[in-house]
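Structural overview for review
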Amino acid sequence: MLTGTARTGDPLAPEIVPSDHCVKRFRERMPIRTPGLAEVVDALIETLESAVITRHPPAWAVTDRPTPLWAITSDLAFPLTPTSDPGRFLATTCLRR
């Protein structure tokens, strides 16, 4: 699945690529009901680009996997895992408050 790249402007995680699992979870957790993938991916990229990048998860995000960085909005959290490309991170899932 081709998803695109979010460019955050944040030096901690300048680029974020959502995993297929992240796209699926984002669609399940957001009110996007349009058939197809394009609208979901566009909304996800926009959400990741506007998120705050931090080293700490929000108190409401429960995960059993440690992750070095998080992209956080008011209602969503995305654990970020480094890729082999410096400055590029993989958003592994989408958690909702």
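Structure: see above.
Remember, predicted model here, so these are calculated numbers, not experimental data.

Moving on, we get to a negative patch on the surface. Where like charges cluster on the molecular surface, the negative patch consists of Glu 39, Asp 42, Glu 46 and Glu 49. Along the polypeptide, Glu 49 turns up in helix H2 (residues 38–50).

A complete count under the given rule lists five salt bridges for this structure. Residue Glu 15 is joined to Arg 88 by a salt bridge in which the shortest nitrogen-to-oxygen separation is 2.9 Å. Residue Glu 15 is located in strand S2 (residues 15–18), and its partner Arg 88 is located in strand S6 (residues 88–91); the two are separated by 73 residues in the primary sequence. Here Asp 75 ties to Arg 97 by a salt bridge, and the two come within 3.8 Å at their closest N and O atoms. Here Arg 97 lies in the segment after strand S7 (95–96) and Asp 75 lies in the loop between strand S4 (69–72) and strand S5 (76–82), a separation of 22 residues in the sequence. Asp 75 gets classed as partly exposed once you look at its relative accessible area, which sits at 33%. A residue is classified by how much of its surface remains accessible, and Arg 97, at 60% relative accessible area, is exposed.

Here is a general trend for soluble globular proteins: nonpolar side chains tend to be buried in one another's company. Membership of the largest hydrophobic core comes to 22 residues, with the highest contact counts inside it found for Ile 16, Phe 26, Ala 71, Phe 78 and Leu 80. If you list the elements that add at least two residues to this core, you get helix H1 (20–29), H2, S4, S5 and S6. Sorting elements by how many residues they give to this core places H2 first, with five residues. Apart from residues lying up to four places away in sequence, Leu 80 is in contact with Ala 13, Ile 16, Ile 53, Thr 67, Pro 68, Leu 69, Trp 70, Ala 71, Phe 89, Leu 90 and Ala 91.

How each quantity is defined
- Residues numbered from 1 in each chain as written.
- Predicted model: local features only at pLDDT ≥ 70, side-chain atom pairs only at ≥ 80, totals over all residues.
- Heavy atoms only, no water.
- Patch = residues over 30% accessible without salt bridge, like charges linked within 9 Å, V, L, I, M, F, W, Y side chains within 5 Å.
- Areas by Shrake-Rupley, 256 points an atom, 1.4 Å probe, with all protein chains shown as cover.
- Salt bridge = Lys/Arg side-chain N within 4 Å of Asp/Glu carboxyl O.
- Lys, Arg positive; Asp, Glu negative; His and termini not counted.
- Charge placed at Lys NZ, Arg CZ, Asp CG, Glu CD.
- Helix = DSSP H or I, 4+ residues; strand = E, 2+ residues; numbered from the N terminus.
- Buried < 20%, exposed > 50% of the residue type's maximum accessible area, 1.4 Å probe, protein only.
- Core = buried A, V, L, I, M, F, W, Y, C linked by side-chain atoms within 4.5 Å.
- Contact = heavy atoms within 4.5 Å.

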